[in-house]
There are 2 protein chains.
Amino acid sequence: GSAPAIVHAQTTLRWRLASSFPKSLDTIFGAADVFAKKVGEMTGGKFQISVHAGGELMPPFGVVDAVKEGTVEIAHTAPYYFHGKDEVFALGCAIPFGLNSRQMTAWMVEGNGLKLMREFYRGYNIINFPGGNTGAQMGGWYRKEVKSLADIKGMKMRIGGFAGRVLERMGGVPQNIPGGEIYQSLEKGTIDAAEWVGPYDDQKLGFNKVAPNYYYPGWWEGGPQLDFYINTKSFDALNPEYKAIVECAAAVAHVDMQAKYDAKNPGALRELVKGGTKLFRFPKDVMDAAFKESMAIYAELGSKNANWKKVYEDYSNFRREQNLWFRFAEAGFDDFMQSQKL
Amino acid sequence: GSAPAIVHAQTTLRWRLASSFPKSLDTIFGAADVFAKKVGEMTGGKFQISVHAGGELMPPFGVVDAVKEGTVEIAHTAPYYFHGKDEVFALGCAIPFGLNSRQMTAWMVEGNGLKLMREFYRGYNIINFPGGNTGAQMGGWYRKEVKSLADIKGMKMRIGGFAGRVLERMGGVPQNIPGGEIYQSLEKGTIDAAEWVGPYDDQKLGFNKVAPNYYYPGWWEGGPQLDFYINTKSFDALNPEYKAIVECAAAVAHVDMQAKYDAKNPGALRELVKGGTKLFRFPKDVMDAAFKESMAIYAELGSKNANWKKVYEDYSNFRREQNLWFRFAEAGFDDFMQSQKL
């Protein structure tokens, strides 16, 4: 027999989430899916969040304005994309020679990070929740080997915004090229190098076929944090239970994304190397020059941007203390393990 | 005027959580508090979990039996305490030369860790949820310097269970001493050395005053995971919303505990060193001997314990791949940062 159609009166809350990422980045885009799924499960489907890939509702980089204006209730993005609005956005994600993944989470959750960033975001009608981290990224694909700092001079490289400022001061030529066009530009030689994320994401785009030299570490992205940006009015309108549910679902996505990258990168790296990719550590003079120029930029920003001065002071103190501690137990353990035949 | 007393009819679910830890360990004990608080917030107080310190309802190491028998619905503990029941418990927490904190989470969440451990725990009527990690611990406090493996021979050391087996094969004499008695034993010279956790927790117990030599890394605890153990009947009786809420609250506790350790250890280490604590890396022959004996134990267990064979095979494959990958971007970034003046 057929069951009778019973329609329950129920209050359903619906939000739209605008991601800055394509569905093909299952790791990063996937974090928004995980978040929405958990909110649905915890509320028995009474709080539904539809997840939209970058470009579906608005351009990928339109999400800050959209949340600010309330066009969507929530976005999932990498804050450093918006460093052109204010460099402080980058501090909520990654700056060259910044915090690593665990340190960033510690700054956010137990340091002053979340407090300071939320103060800053108030001007954009945003309340943020950490929503994933990629871990330390790779330093990109190069058509020719980079043997010393001299090889950076005049080098055209596809590289994300804030890091491009550093590369420029090192004599390089940063290029803004959408993800989908990088392969062709590398193949043609329109650019000499390109960075994307790490083995798992990079492999899918096939850069290894046109630029076999793969460098590490990605000094500009030691632990980029993704954020959920929620319109403050939308958040304030939630009942206390839903507020807590949003916070906790974000924590699940935060854990899940880093775990996905950690679990998926090793196999991808193995396949890349088997396919002819050559791994190189950046020469010391390249790292040193990048570090010097980065610190010079941060000092300059301190005298130009009051927001930066305030947040960076706390961030850099935290970074100093973290690196003091991590060099002992953490690095001592990891070093040893990495040198064993396992 | 006084408000009228209105009694709402409401269904309140109450659980008791037995922690294996004293309240003085605010980091570890605190994770259970965070968990219970979030469950309360997400359910508007309708699902209440009271948190009980070790010894309050039962001895600290009685929690597995208590959850198994349903005496309490939930516990928060370090699974390796129960390696005497079955060595597989240790794989869900930490084994000497095991996974680090991030790798452990990746194995749990994206590898086969949670799946395999839950299969194993079914025999104890337990379903587990990761609930924190301390990160790599320090290698303990020594009255005299450890200059080579020869200094381990005959050395009486307070050290946790599984690691004690390794120490014994290296010629050391492992001692089981409750946390509250370690200081006195070290002071009197009844023992030569003792390990506890890391700078933040160790400082509170004052070991530095009686054993100034502080070694790293704690090779037996590269990333110990804490777990929430839930009685399977109690968990199965929850509605789907509460099941998801329990899972997500555990994720918050998981993030929060590692962040607390990362944020609090650096300041404690700084104070300890200021107070005269001397930091030493374990000599290479000590590390090599410990590694060799650990691997020998794991091989022996493989032929004795079918559970171990199954779970360790997956764990050790994952560990090999993780260390392959972490040596590049992660270690390359951390190395450089740790060698800078920040």
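As the structure is a prediction and not an experimental result, all values here were calculated from the model. Within any chain, residue numbers begin from 1 and follow the written order of that chain's sequence. Whichever chain is written first is A, and whichever ligand is written first is 1; the rest continue in order. Reporting of local features is limited, given that this is a predicted model, to residues whose pLDDT is at least 70; pairs of side-chain atoms are given and counted only at 80 or more, and all residues count toward the totals for whole chains, interfaces and linings. Only hydrogens and water are set aside when side-chain values are computed; all heavy atoms of the structure are taken into account.

Peer 1: Where do I start with empty space enclosed by the protein in this structure?
Peer 2: Empty space left among the atoms is revealed by rolling a probe the size of a water molecule over them. Put plainly, a pocket is an open set of points on a 1 Å grid over the protein atoms alone with protein on both sides within 12 Å along at least five of seven lines, a cavity is a set where a 1.4 Å probe fits but cannot get out, and a lining residue has an atom within 4 Å of a point. Grid points are joined across faces, edges and corners, and a volume is the space filled by probe spheres set on the points. A full pass over the atoms with the stated rule returns 4 cavities of 30 Å³ or more. In this structure, the largest cavity occupies an estimated 270 Å³ of space. Forming the boundary of the largest cavity are 19 residues, of which Arg 102 and Thr 105 of chain A together with Arg 102, Thr 105 and Val 255 of chain B lie nearest the centre. The secondary structure listing takes helices from DSSP runs of H or I that are at least 4 residues long and strands from runs of E that are at least 2 residues long, numbered from the N terminus. Of all elements in the fold, only helix 4 (101-109) and helix 10 (240-274) of chain A together with helix 4 (101-109) and helix 10 (240-274) of chain B reach the threshold of two or more residues within the lining of the largest cavity. Each residue gets one label: Ala, Val, Leu, Ile, Met, Phe, Trp, Tyr, Cys and Pro are nonpolar, Asp, Glu, Lys and Arg are charged, and the others, such as Gly, are polar. Within the lining of the largest cavity, the residues separate by chemical class into 5 nonpolar, 10 polar and 4 charged. Within this model, the second largest cavity holds a volume of roughly 230 Å³. As for the second largest cavity, its lining consists of 17 residues, of which Asn 100 and Asp 334 of chain A together with Asn 100, Glu 330 and Asp 334 of chain B are closest to the centre. The set of elements that each furnish at least two residues to the lining of the second largest cavity consists of helix 4 and helix 13 (329-338) of chain A together with helix 13 (329-338) of chain B. Among the residues forming the lining of the second largest cavity, the class breakdown is 4 nonpolar, 5 polar and 8 charged.

Peer 1: Just to check I follow, could you spell out helix 10 of chain A for this structure?
Peer 2: Note on helix geometry: an α-helix contains 3.6 residues per turn, so any two residues three or four positions apart are oriented the same way. Residues and elements named next belong to chain A. Each residue after the first adds 1.5 Å to the expected span of a helix. With 35 residues, helix 10 should reach 51 Å at 1.5 Å per residue; the first-to-last C-alpha distance of 52 Å fits that figure. The reported bend at a residue is simply the angle between two axes, fitted to the 7 residues ending at it and to the 7 residues beginning with it. Of all the bends in helix 10, the largest measures some 30° and sits at Asn 265, one to four residues before the proline Pro 266. Identification of polar contacts relies on pairs of N or O atoms within 3.5 Å, with a donor-acceptor requirement for protein atoms, meaning one able to donate a hydrogen and the other able to accept it, and with residues adjacent in sequence counted only if both atoms are side-chain atoms. The opening residue of helix 10, the one whose side-chain oxygen lies 3.1 Å from the backbone nitrogen of Glu 241, is Asn 239.

Peer 1: I'm lost on the state of the cysteines in this one. Help?
Peer 2: Note on terminology: a disulfide is the covalent bond linking the sulfur atoms of two cysteines. The disulfide criterion is simple: two cysteine sulfur atoms within 2.5 Å. Summed over the entire model, instances satisfying the criterion amount to 0 disulfides over all chains. In this structure Cys 248 of chain A is a free cysteine whose sulfur lies 6.8 Å from that of Cys 248 of chain B, the closest cysteine sulfur available.

Peer 1: Where do I start with the packing of aromatic side chains in this structure?
Peer 2: In this description, a pair of aromatic rings is defined by centroid distance and the angle of the planes. Residues and elements named next belong to chain A. Within 6.5 Å between ring centres, the rings of Phe, Tyr and Trp (the latter by its six-membered ring) count as paired, and their orientation is classed by plane angle as stacked under 30 degrees, edge-to-face over 60, tilted in between. Tallied over the full model, the rule gives 69 aromatic pairs over all chains. Centre to centre, the rings of Tyr 80 and Tyr 81 are 5.6 Å apart; their planes meet at 50°, and the pair counts as tilted. Three or more aromatic residues link up through ring pairs in this structure, and these residues are Phe 21, Phe 61, Tyr 80, Tyr 81, Phe 82, Phe 89, Phe 120, Tyr 121, Tyr 124 and Tyr 229. Taking NZ or CZ as reference, Arg 118 lies 4.6 Å from the ring centre of Phe 129, over its face. In this analysis the charged atom, NZ for Lys or CZ for Arg, is taken to sit over a ring once it is within 6 Å of the ring centre and within 35 degrees of the ring normal. We note Arg 165 situated over the ring of Phe 162; from NZ or CZ to the ring centre the distance is 5.0 Å.

Peer 1: Explain the confidence of the model for chain A here, please?
Peer 2: Close reading of the predicted structure is inappropriate where its pLDDT is low. Scored by pLDDT, chain A comes out at a mean of 95, with 97% of its residues at no less than 70. A score between 0 and 100, pLDDT records how confident the predictor is in each residue. It only takes one pair of heavy atoms within 4.5 Å for two residues to be counted as in contact. Of the regions scoring below 50 in pLDDT, residues 1-9 of chain A engages in 0 contacts with residues more than four places distant in sequence or in other chains.

Peer 1: What am I meant to see in the side chain of Gln 338 of chain A here?
Peer 2: Its location among the elements puts Gln 338 of chain A in helix 13. In contact with Gln 338 of chain A, not counting residues within four places along its chain, are Asn 323, Phe 326, Arg 327 and Ala 331 of chain B.

Peer 1: Hey, could you run me through the sheet that holds strand 11 (residues 278-281) of chain B in this one?
Peer 2: What links the strands of a sheet is backbone hydrogen bonding, and the strands pair in either a parallel or an antiparallel sense. Two strands form a pair only when DSSP identifies at least two bridges running between them. Pairing in this open sheet of 6 strands is mixed, and the strands run 7-6-8-5-9-11 (chain B) from one edge to the other. Single-partner strands in this sheet number two, and they are strand 7 (173-175) and strand 11 of chain B.

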